Amino acid sequence: MHKADIIIVGGGVMGSSTAYALRMNGFEGRIVVFEKDATYQYASTPRSAGGFRQLYSTSINVQLSRYSLHVYKDFADNMAINGERAEIDFKQRGYLFLATESMMPYFAKQLRTQHEYGVPSELLTPKELLPIIPELEIGDLAGGLYCHEDGYLDPYSVMQAYRKKAQALGVEYIAEEVESLVTEGAGITGVRLTDGVMYGSRIVINCAGAWGAALSEKMGLPVPVVPLKRQMYVLDTARQLERKLPLTIDPTGVYFRHEGEKVVAGFSDDVPPGMDFTWKRSSFDTLWPILAHRVPNFEQLKLESGWAGLYDFNTVDQNAIIGEHPMMKGYFMALGFSGHGMQQAPGVGQGLAELICRGKYETIDLTPLRIERFAENDLVLENAIV
Ligand SMILES: Cc1cc2nc3c(=O)[nH]c(=O)nc-3n(C[C@H](O)[C@H](O)[C@H](O)COP(=O)(O)OP(=O)(O)OC[C@H]3O[C@@H](n4cnc5c(N)ncnc54)[C@H](O)[C@@H]3O)c2cc1C
């Protein structure tokens, strides 16, 4: 049997950030990352909208994003290899939740939590929104929650940078699929690959994204996470806007931002769970009137293309599930990010590395995200889920 000291299943942004953080935290043993698709065709990370925000209602999510902000700001230099910078196109153009009257009290409450952690978020009046998006239709708005430090970045570049840096630090990536996790009593002992080859390890971290819950379920440890399709649309606007957009969330949940000269938009469609990557042009019919109402320049939009990707959707409280499983020694997971994993990857990787290397969280206490919270009915109830 092949042997490793730590096996990570899934080499997306979560697995790669964790592998990198393990090395940075001094783990010197053999780390093997199994990634079944070296092209990452269906992985969620490259299909993400790339949005980054500190605008959350729960302290754990605010803290994770605040940590990520510091990482992403200096990412290009800190993750450089042999002088080659790791560009991630981080555009700090802001993040903006538009609000109707009934939404304002929720945003006012969130603001207090954000300020507690030093986030410079602001509650703006409709008129104060206009310098940010001069063309915005504000007639039906009561205001907006805004943070100028936030914005969007290129998720594929973030993932590749973590992967390359981890490899430069001696982490091995093997392009094979893990068929199942192998256990002995109440402890994990390794993984079996689809070609039957076994790898032994006393620590296995499940970072398999939307595929992760099925893997856990196979060994009798269910996780309340399902794959859920989300669609994105690339739009060409005949009439350009005066300024580049922050990542903007309409009160309906439709969101949009610039991508070069184009605009990308998306919304959380009501679809059944499943491994579905079909992109339906027809769904844009729901989106278009909302966009055209909010920014009149969008009346002359041309839908150019789009894509579908999967959320690893936590069906109970829509937040990440992180840590060691209480019933399986050595089995760790980072699953269930429900649409905000790309921005949480730096803090999650660091947290898991601390837990494994030193037995406790040090930078951010990720205990609220433990899997036990479901049985204990101690949920992480986040108001700002997109
Ligand atoms: C349309 C869309 C928009 C989004 N927008 C945002 C956003 O604006 N901001 C944000 O923060 N997040 C966003 N997300 C969520 C974000 O993309 C995810 O939370 C994040 O990418 C999860 O990373 P991951 O590494 O866990 O999963 P993935 O990137 O899916 O990586 C998991 C990897 O595991 C591999 N794998 C699976 N099973 C096995 C196996 N058995 N053996 C070996 N390898 C395996 C897969 O091939 C895959 O590469 C969005 C997601 C989608 C779909």
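Everything discussed here concerns the structure shown above.
This section reports on the structure supplied with the text.

The rules behind each value
- In every chain, residue numbers begin from 1 and rise along the written sequence.
- Local features in this predicted model are restricted to residues whose pLDDT is 70 or higher, and side-chain atom pairs enter the listing and the counts only when it is 80 or higher, whereas totals over whole chains, interfaces and linings include all residues.
- Only hydrogens and water are removed before side-chain values are computed, so all heavy atoms of the structure are retained for them.
- Only Phe, Tyr and Trp rings are paired, with Trp represented by its six-membered ring, and only when their centres lie within 6.5 Å; those with planes under 30 degrees apart are stacked, over 60 edge-to-face, the remainder tilted.
- Burial classification: accessible surface area is computed with a 1.4 Å probe over protein chains only, and a residue below 20% of its type maximum counts as buried, one above 50% as exposed, and the rest as partly exposed.
- Helix and strand definitions here come from DSSP, where helices need a minimum of 4 consecutive H or I residues and strands a minimum of 2 consecutive E residues; each element is numbered from the N-terminal end.
- Note on criteria: charge over ring means Lys NZ or Arg CZ within 6 Å of the ring centre, with the direction from the centre no more than 35 degrees off the ring normal.
- Should DSSP find at least two bridges between two strands, the strands are taken to pair.
- When a carboxyl oxygen of Asp or Glu is within 4 Å of a side-chain nitrogen of Lys or Arg, the pair counts as a salt bridge.
- Expected helix span is taken as 1.5 Å per residue step, with the number of steps being one fewer than the number of residues.
- The contact criterion used throughout is that any non-hydrogen atoms of two residues lie within 4.5 Å.
- Throughout, an axis means a line fitted to C-alpha atoms (over the contacting stretch in the case of helices), and angles, computed between N-to-C directions, take values from 0 to 180 degrees.
- Proximity criterion: a residue is near a molecule or strand once any of its heavy atoms comes within 4 Å of it.
- Whenever a nitrogen or oxygen atom comes within 3.5 Å of another N or O atom, the pair is scored as a polar contact, on the condition that within protein one atom can donate a hydrogen and the other can accept it, and that pairs from neighbouring residues in sequence are kept only if both atoms are in side chains.
- Surface accessibility in these figures is a Shrake-Rupley result with a 1.4 Å probe; residues are shielded only by whichever protein chains are displayed.
- Side-chain classes follow a simple rule in which Ala, Val, Leu, Ile, Met, Phe, Trp, Tyr, Cys and Pro form the nonpolar group, Asp, Glu, Lys and Arg form the charged group, and the remainder, Gly included, forms the polar group.
- Should an angle lie under 35 degrees it is considered roughly parallel, over 145 roughly antiparallel, and from 65 to 115 roughly perpendicular; all remaining angles are considered oblique.
- Left-handed is the label given to a crossing in which the near helix is rotated counterclockwise from the far helix by less than a right angle, and right-handed is the label when the rotation is clockwise.

Topic: the packing of aromatic side chains
Each pair of aromatic rings is reported with the distance of its centres and the angle of its planes. Under the defined criterion, the tally for this structure stands at 13 aromatic pairs. Where tyrosine 72 meets phenylalanine 75, the ring centres are 5.8 Å apart and the plane angle is 55°; that geometry is what we call tilted. According to the relative accessible area criterion, tyrosine 72 is buried, its value standing at 2%. Classification of phenylalanine 75 by relative accessible area gives buried; the value is 1%. Measuring from ring centre to ring centre gives 5.6 Å for phenylalanine 256 and phenylalanine 298, while their planes differ by 90°; the resulting arrangement is edge-to-face. Of this pair, phenylalanine 256 sits in strand 16 (residues 255–259) while phenylalanine 298 sits in the loop between helix 8 (284–294) and strand 18 (301–314), placing them 42 residues apart in sequence. By relative accessible area, which is 1% here, phenylalanine 256 ends up buried. Here the aromatic cluster, defined as three or more aromatic residues joined through ring pairs, consists of Tyr20, Phe52, Tyr72, Phe75, Phe90 and Tyr162. The ring centre of tyrosine 311 lies 5.0 Å from the NZ or CZ of arginine 230, which sits over that ring.

Remarks on the sheet that holds strand 12 (residues 198–200)
Strands pair in a sheet through their backbones, by hydrogen bonds, and they do so in one of two ways: parallel or antiparallel. If you walk across this open sheet you meet the four strands as 1-12-11-10, and the pairing is mixed. If you trace the sheet from one side to the other, it starts and ends with strand 1 (2–3) and strand 10 (178–184), each paired once. Pairing analysis gives two bridges linking strand 1 to strand 12, with the strands arranged parallel. Bridge pairing in strand 12 places lysine 3 opposite glycine 200.

Remarks on the pattern of salt bridges
Where charged atoms of side chains with opposite charge meet at close range, the side chains can pair. Applying the stated criterion across every chain, the model contains 19 salt bridges. With a closest N to O distance of 2.5 Å, glutamate 87 and arginine 85 form a salt bridge. By relative accessible area, which is 42% here, arginine 85 ends up partly exposed. Between arginine 294 and aspartate 250 there is a salt bridge; the shortest N-O distance is 2.5 Å. Of this pair, arginine 294 sits in helix 8 while aspartate 250 sits in the loop between strand 15 (247–249) and strand 16; the two residues are 44 residues apart in sequence, bridging distant segments of the chain. A relative accessible area of 3% means that arginine 294 is categorised as buried. Owing to a relative accessible area of 4%, aspartate 250 belongs among the buried residues under this scheme. When salt bridges that share partners are traced, they join Asp77, Arg85 and Glu87 into one network.

Side note on helix 2 (residues 59–73)
The first and last C-alpha atoms of helix 2 sit 21 Å apart over 15 residues, in line with the 21 Å expected at 1.5 Å per residue. Where helix 2 is buried, its residues contact strand 4 (51–52), helix 3 (75–78), helix 4 (104–116), helix 6 (155–168) and helix 9 (345–358).

Focus: the sheet that holds strand 20 (residues 331–335)
Within the open sheet, the six strands sit side by side as 9-3-2-13-20-19. Their pairing is mixed. Two strands in the sheet have a free side with no partner beyond their single neighbour: strand 9 (172–174) and strand 19 (321–324). With strand direction ignored, the average angle separating the axes of adjacent strands in the sheet is 20°. Here four bridges tie strand 2 (residues 6–9) to strand 3 (residues 31–34), and the two strands are oriented parallel to one another. Paired with valine 9 across the two strands is phenylalanine 34, which belongs to strand 3. Of the strands in this sheet, strand 2, strand 3, strand 9, strand 13 (204–206) and strand 20 touch helix 1 (residues 13–24), which is tilted by about 160° from strand 2.

A short note on the environment of alanine 43
In this structure, alanine 43 sits in the loop between strand 3 and strand 4. Residue alanine 43 is classed as buried on the basis of its relative accessible area, which comes to 15%. With 242 residues separating them in the primary sequence, alanine 43 and aspartate 285 have C-alpha atoms 27 Å apart.

Thoughts on the site of the ligand
Taken together, 35 residues lie around the ligand, and Glu35, Ser44, Thr45, Gly51 and Gln343 are the ones closest in. Here a nitrogen atom of the ligand and a backbone polar atom of phenylalanine 34 are 3.5 Å apart. Between the ligand and glutamate 35, the relevant distance is 2.7 Å, taken from an oxygen atom to a side-chain nitrogen or oxygen of the residue. Relative to its unbound accessible surface of 1000 Å², the ligand loses 97% to contact with the protein. Those elements giving two or more residues to the shell around the ligand turn out to be helix 1, strand 14 (225–237) and strand 18. With three residues, strand 18 is the largest single contributor of residues to the shell around the ligand. Residue composition of the shell around the ligand, grouped by class: 16 nonpolar, 13 polar and six charged.

Things to note about the packing of helix 1 against helix 9
The geometry of helix 1 relative to helix 9 is characterised by a closest axis approach of 8 Å and an angle of 45° between their N-to-C directions. Considered as vectors, helix 1 and helix 9 are oriented oblique to each other. For the pair helix 1 and helix 9, the sense of crossing is right-handed. In contact with Val13, Met14, Ser17, Thr18, Ala21 and Leu22 of helix 1, helix 9 contributes Ala345, Pro346, Val348, Gly349, Gln350, Leu352, Ala353, Ile356 and Cys357. Here the residues of the contact of helix 1 with helix 9 are counted per class, giving eleven nonpolar, four polar and no charged.

Nothing here speaks to function; it is all geometry.
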